Amino acid sequence: NAGVMQNPRHLVRRRGQEARLRCSPMKGHSHVYWYRQLPEEGLKFMVYLQKENIIDESGMPKERFSAEFPKEGPSILRIQQVVRGDSAAYFCASSPNLDEQYFGPGTRLTVT
Amino acid sequence: RKEVEQDPGPFNVPEGATVAFNCTYSNSASQSFFWYRQDCRKEPKLLMSVYSSGNEDGRFTAQLNRASQYISLLIRDSKLSDSATYLCAGWAGSSASKIIFGSGTRLSIRP
């Protein structure tokens, strides 16, 4: 049973470009969560999705950030017009129910 | 007050020592809690779930104190490989729709 998969593992973008981060949950998991982690800091909740629905986006910045989890395919975290402050590790986690979460290896975004 | 709060450490202890971490939470409605381990530049890995009865797995024991609203993690006979950052987490919000993580406690085991 493959774990949570994220790609790309490393992403470099220039200021103003778009970043697309993908997450495939573990098989049988219908709950997906996105977190952001800055260096030397803890994980900050961003958004919780189920298939085709955003359940809780209270941690998402109001502008430039969006997330989706379509019926088919991976969950996507999209950051438009990236700025240097968006540089961070973005982790996706999945869960079969509202209990334990299992994390993917993360995408490290660097904005130059 | 932060929803989940931990002592950031670092804890620096000799191999073989027993070390304990505490984590306080503010949402009295939270039902379940977790300890994760995170190595440098890696993803968090689930270490233990913590329910009302506590949990033990080998050298690791986790307990929940609802009256004082804290959870604890005890590591006995610590190994060099236990060096990592330990994150506590708990469900938050009235609909329990998200897990909130503490900022982590860094543990360093010295030979």
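Summarised in this report is the structure supplied together with it.

Considerations on the sheet that holds strand β3 (residues 19-24) of chain A
Residue and element names in this part refer to chain A.
Then comes step 1: Strand order across the open sheet formed by four strands is β1-β3-β8-β7, with antiparallel pairing between neighbours. Two strands close off the open sheet at either side, each with one partner strand: β1 (5-7) and β7 (65-68). With direction set aside, neighbouring strand axes in the sheet form an average angle of 15 degrees.
Then comes step 2: Judged from the four bridges that link them, β7 and strand β8 (residues 75-79) form a sheet pairing that is antiparallel. Bridged to Ala67 within β8 is Leu77.

Describing the interface of chain A and chain B
Then comes step 1: Every contact between the two is made by 20 residues of chain A and, on the other side, 21 residues of chain B.
Then comes step 2: For the chain A and chain B pair, buried surface summed over both sides reaches about 1,700 Å², with 52% attributable to carbon and sulfur atoms.
Then comes step 3: The largest per-residue losses of area from chain A upon contact with chain B belong to Leu43(A), Phe103(A) and Arg108(A), which jointly make up 27% of the total buried on that side.
Then comes step 4: Viewed at the interface, chain B and chain A are joined by zero salt bridges.
Then comes step 5: Applying the counting rule to chain A against chain B returns five residue pairs in polar contact (both at pLDDT 80 or more).
Then comes step 6: Among the elements of the structure, β4 (31-37), β5 (43-50) and β10 (102-103) of chain A are those that each provide at least two residues to the side of chain A that touches chain B.
Then comes step 7: A breakdown of the residues in the side of chain A that touches chain B according to their chemical character gives 10 nonpolar, five polar and five charged.

What to know about the sheet that holds strand β1 (residues 4-6) of chain B
In any sheet, the strands associate via hydrogen bonds between backbone groups, in a parallel or an antiparallel arrangement.
Residues and elements named next belong to chain B.
Then comes step 1: Overall, antiparallel pairing links the five strands, which are arranged β1-β3-β8-β7-β6 in an open sheet. Every other strand in the sheet has two partners, leaving β1 and β6 (55-57) as the edge strands with one partner each. The mean angle between the axes of side-by-side strands here comes to 15 degrees, regardless of whether they run parallel or antiparallel.
Then comes step 2: Sheet analysis places strand β3 (residues 19-25) next to strand β8 (residues 70-75), joined by six bridges and oriented antiparallel. Paired with Asn22 across the bridge in β8 is Ser72.

Conventions and cut-offs
- Residues numbered from 1 in each chain as written.
- Chains lettered and ligands numbered in written order.
- Predicted model: local features only at pLDDT ≥ 70, side-chain atom pairs only at ≥ 80, totals over all residues.
- Heavy atoms only, no water.
- Pairing = 2+ DSSP bridges.
- Helix = DSSP H or I, 4+ residues; strand = E, 2+ residues; numbered from the N terminus.
- Axes fitted to C-alpha atoms, helices over the stretch in contact; angles between N-to-C directions.
- Contact = heavy atoms within 4.5 Å.
- Buried area = accessible area lost by both parts, 1.4 Å probe.
- Salt bridge = Lys/Arg side-chain N within 4 Å of Asp/Glu carboxyl O.
- Polar contact = N/O pair within 3.5 Å; in protein donor to acceptor, adjacent residues only side chain to side chain.
- Nonpolar A, V, L, I, M, F, W, Y, C, P; charged D, E, K, R; others polar.

Without other data, these values stay purely geometric and don't point to any function.
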